[in-house]
Amino acid sequence: MALIKCRECNKEMSGNAKSCPHCGNPNQPETIESTGKKWKGMQLWAILIGVAGIILFVKSDHENTVSAFMIFGGAIGFVLGKVGAWWYHR
């Protein structure tokens with residue numbers, strides 16, 4: 001049974017205690033998001049591809065099919081990344 005410091009009053013308390021005996025602050029572990037980096041990376045790449053497609057569309061003659069595919073692919077990739085991050089979130 002290790003002693004830890006209360007996050008509220010900084011006094012020592014048992015690590016197994018449900019709350020601090022001094023101030024009553026609940027002893028809950030900090031929540032860390034554990035969504036996989038591959039889903040976040042997929043979202044980042046999708047955003048970059050979509051933005052590149054928008055820039056290419058604006059700079060070209062507005063009839064560039066490559067830029068349309070990049071924008072559409074970026075949007076689809078972003079949505080898939082969001083769904084994957086939600087589905088595999090722990």
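Computed from a predicted model, the values in this text were never measured in an experiment. (Residues numbered from 1 in each chain as written. Predicted model: local features only at pLDDT ≥ 70, side-chain atom pairs only at ≥ 80, totals over all residues. Heavy atoms only, no water.)

1. Quick look at the overall build of the chain
- Of the regular secondary structure elements, the chain holds two helices and two strands.
- Whereas a compact globule of 90 residues would reach a radius of gyration of roughly 12 Å, the chain reaches 24 Å, over 25% beyond that.
- Projecting the C-alpha coordinates of the chain onto the three principal axes gives extents of approximately 70 × 25 × 15 Å.
- When the 90 residues of the chain are sorted by exposure, 19% land in the buried category.
- Within the chain, counting contacts between residues at least 6 apart in sequence, those at least 24 apart form 28% of the total.
- Accessible surface, the chain as shown: approximately 7,200 Å² in total, 64% of it carbon and sulfur.
- Charged side chains in the chain number 10 positive and 6 negative. The centres of these two groups are separated by 9 Å. (Helix = DSSP H or I, 4+ residues; strand = E, 2+ residues; numbered from the N terminus. Rg over C-alpha atoms; globule rule 2.2 N^0.38 Å. Buried < 20%, exposed > 50% of the residue type's maximum accessible area, 1.4 Å probe, protein only. Contact = heavy atoms within 4.5 Å. Areas by Shrake-Rupley, 256 points an atom, 1.4 Å probe, with all protein chains shown as cover. Lys, Arg positive; Asp, Glu negative; His and termini not counted. Charge placed at Lys NZ, Arg CZ, Asp CG, Glu CD.)

2. Side note on the environment of Gly50
- For Gly50, the position within the fold is in helix H1 (residues 37-59).
- Sequence spacing of Gly50 and Gly74 is 24 residues, and the spatial spacing of their C-alpha atoms is 4.4 Å.
- Setting aside residues up to four positions removed in sequence, Gly50 forms contacts with Met70, Ile71 and Gly74.

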